[in-house]
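# Structural description and commentary
Listed below are the residues making up each chain.
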Amino acid sequence: MHPAEQSPEVVEFIREALGLPPGSTLLEPNVFDHIWEQVQPTQPDIAFMDDDALYFVEIKSKIASIDTIARMQLLRELWQRRGHDRREAVPVIAAKTIRPREEQLARELGIRVIKLPWTLGSNLDQEYKPAKSRITSEKSWKIVHRLLKEKSTSIRQLALQENVSYGWAHKTIRGLINQGIVKKDDSYVQISDVKKLLNGVAWERPMKNLNVAEVHMQYSASIPAARDISSMLSELNVPVAFTGYTAGGLYTGYAVRQDAIYLYLAKKHLDLFRQLFEESSETGIRAFIYAPDRDVFTDTQKKEGIIVASPAQALLDLAGYGYSAMDLAKAMLEMYATL
């Protein structure tokens, strides 16, 4: 086994795949040399121990073969004959590839099989090489959103829950750790500096850069205006999603700004919006319209008859207003797990 294949990321991934807690003991395999001394150098690459079992793991950088299965079966037999520990021996093969025939044979023999992502180990840094790791990219923000939701979880769970590759999740978290936004405790990670996170979003993705129009309307209050817009555009099959202060107020229960509304609308629908709602007088409220830079319409919710962007999108956008919306963004974060 190449040393890179036994990197901390590989060990952590295997530990999580086995369902072992961060406190489970990682053993040096040579502590069992007296068990299989006659079959050296056949021994596992790593070993875990918990209250009920010992997990002997062989790591393959590419394809796990019949020989690998035979070795793990031999190690288990030797443990059962020579071991003096009450714990069960569980052989484990962790490989980036295993053919269906070998995988079926391993499972029939009671050998655990773990599929390692190709991005782990020595290949981890080669797959993604952007000049900057942007917090606000669509995939990165999925990871941040899930971490805010769970508060403390593993990188593997973040990747699984948001359906992104482990390599991308790992790179995102590593970048956030380097920026002092996330901290790692064993195999668990959590946000450690919310203010730095929000400031980073404001710098990377200011909402003013997405603003494409400011439309004056005859409404005197924002909620009735947003409700009417949601209803009328829905009937016309025109996607809309209220965001920013409008969505933040509806999600948190904080007072909503009455002098303006904030919404996403595709540029191609701007003329229609103006025909329906624009007034020449500047006495009413204003609609700040943003062109979406990602899919903001799929995961909308309805609040008080108003179509609002998802909590993840609304929080991202609130942070994009900078200091002026900081208090509302923090209020949303306080209840984020329940949204």
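Report on the accompanying structure. (Residues numbered from 1 in each chain as written. Predicted model: local features only at pLDDT ≥ 70, side-chain atom pairs only at ≥ 80, totals over all residues. Heavy atoms only, no water.)

### As for the overall build of the protein
- Across its full length, the protein carries 13 helices and 14 strands.
- Within the protein, the proportion of its 339 residues that are buried is 52%.
- Within the protein, contacts between residues at least 6 apart in sequence are counted, and of these 70% link residues at least 24 apart.
- When the accessible area of the protein is evaluated, it comes to approximately 16,500 Å², of which 47% is carbon and sulfur surface. (Helix = DSSP H or I, 4+ residues; strand = E, 2+ residues; numbered from the N terminus. Buried < 20%, exposed > 50% of the residue type's maximum accessible area, 1.4 Å probe, protein only. Contact = heavy atoms within 4.5 Å. Areas by Shrake-Rupley, 256 points an atom, 1.4 Å probe, with all protein chains shown as cover.)

### Looking at the pairing of strand β3 (residues 53-64)
- Bridge count for strand β2 (residues 46-49) against β3 is four bridges, and the pairing is antiparallel. Among the inter-strand pairings, Ala47 is bridged to a residue of β3, identified as Phe56.
- Between β2 and the antiparallel strand that follows it, β3, lie three residues. (Pairing = 2+ DSSP bridges.)

### Here's the deal with the environment of Pro8
- Mapped onto the secondary structure, Pro8 falls in helix α1 (residues 8-17).
- On the basis of relative accessible area, Pro8 is assigned to the exposed category, the value being 63%.

### Brief notes about the pattern of salt bridges
- Evaluation of the coordinates by the stated rule reveals 13 salt bridges.
- Put simply, Glu102 and Arg101 hold a salt bridge, and the shortest N to O gap is 3.2 Å.
- A salt bridge links Arg294 to Asp293; the shortest N-O distance between them is 3.1 Å.
- Judged by relative accessible area, Asp293 falls into the partly exposed class, the value being 39%.
- Put simply, Arg205, Asp293, Arg294 and Asp317 are held in one network by salt bridges that share partners. (Salt bridge = Lys/Arg side-chain N within 4 Å of Asp/Glu carboxyl O.)

### Some remarks on the packing of helix α10 (residues 244-252) against helix α12 (residues 311-319)
- The N-to-C vectors of α10 and α12 enclose an angle of 125°; their axes lie 9 Å apart at closest approach. Our classification of the angle between α10 and α12 gives oblique. Pair α10 / α12 crosses with left-handed handedness. Across the interface between the two elements, Gly244, Tyr245, Ala247, Gly248 and Tyr251 of α10 pack against Pro311, Ala314, Asp317 and Leu318 of α12.
- Its residues assigned to classes, the contact of α10 with α12 shows six nonpolar, two polar and one charged. (Axes fitted to C-alpha atoms, helices over the stretch in contact; angles between N-to-C directions. Parallel < 35°, antiparallel > 145°, perpendicular 65-115°, else oblique. Left-handed = near helix turned anticlockwise from the far one by under 90°. Nonpolar A, V, L, I, M, F, W, Y, C, P; charged D, E, K, R; others polar.)

### Details of unusual backbone geometry
- Here the phi dihedral of Asn237 falls at roughly 60°; this positive angle occurs in a residue that is not glycine.
- Its location among the elements puts Asn237 in the loop between α9 (222-235) and β10 (241-242).

### Remarks on the nonpolar core
- Ranked by internal contacts, the top residues of the largest apolar core, which has 91 residues, are Ile14, Met217, Ile261 and Phe273.
- The greatest single-element share of this core, amounting to six residues, is contributed by α12.
- Sequence-distant contacts of Ile14, defined by excluding residues within four places in its chain, comprise Ile46, Phe48, Val57, Ile59, Ala94, Ile114 and Leu116.
- Core analysis: the second largest hydrophobic core is formed by 16 residues, Phe56, Leu75, Trp79 and Ala106 among them. (Core = buried A, V, L, I, M, F, W, Y, C linked by side-chain atoms within 4.5 Å.)

### Describing the sheet that holds β3
- Reading across from one edge, β1-β2-β3-β4-β5 is the order of the five strands in this open sheet, with mixed pairing throughout. The open sheet is flanked by β1 (25-27) and β5 (112-115), the only strands paired with a single partner. Between one strand axis and the next, the sheet turns through 30° on average, direction left out of account.
- Here β3 runs beside strand β4 (residues 88-98); their pairing, made up of ten bridges, is parallel. If you follow Lys60 over to β4, its bridge partner there is Ala95.
- Across the sheet, helix α2 (residues 66-82) touches β3 and β4, and the angle it forms with β3 is around 165°.
- Against the sheet, helix α3 (residues 100-108) engages β3, β4 and β5, with an angle of about 140° to β5.

### Section: the packing of aromatic side chains
- Per the counting criterion, the structure on display carries eight aromatic pairs.
- When the ring of Tyr245 is compared with that of Tyr262, the centres are 5.1 Å apart and the planes differ by 50°; the resulting orientation is tilted. With Tyr245 in helix α10 and Tyr262 in strand β11 (residues 260-264), this residue pair connects regions lying 17 residues apart in the sequence.
- Residue class for Tyr262 comes out buried when judged on its relative accessible area of 3%.
- In textbook terms, an aromatic cluster arises when at least three aromatic residues are bridged by ring pairs, as seen for Tyr245, Tyr262, Tyr264, Phe288, Tyr290 and Tyr321. (Phe/Tyr/Trp six-rings, centres within 6.5 Å; stacked < 30°, edge-to-face > 60°.)

### Brief notes about the pairing of strand β7 (residues 182-185)
- Summarising the sheet, β7 and strand β8 (residues 188-191) pair through four bridges and their orientation is antiparallel. Residue Lys184 lies in a different strand from β8, and its bridge partner there is Val189.
- The antiparallel pairing of β7 with β8 creates a hairpin that spans two residues between the two strands, and Asp186 there sits at a positive phi of about 55°.

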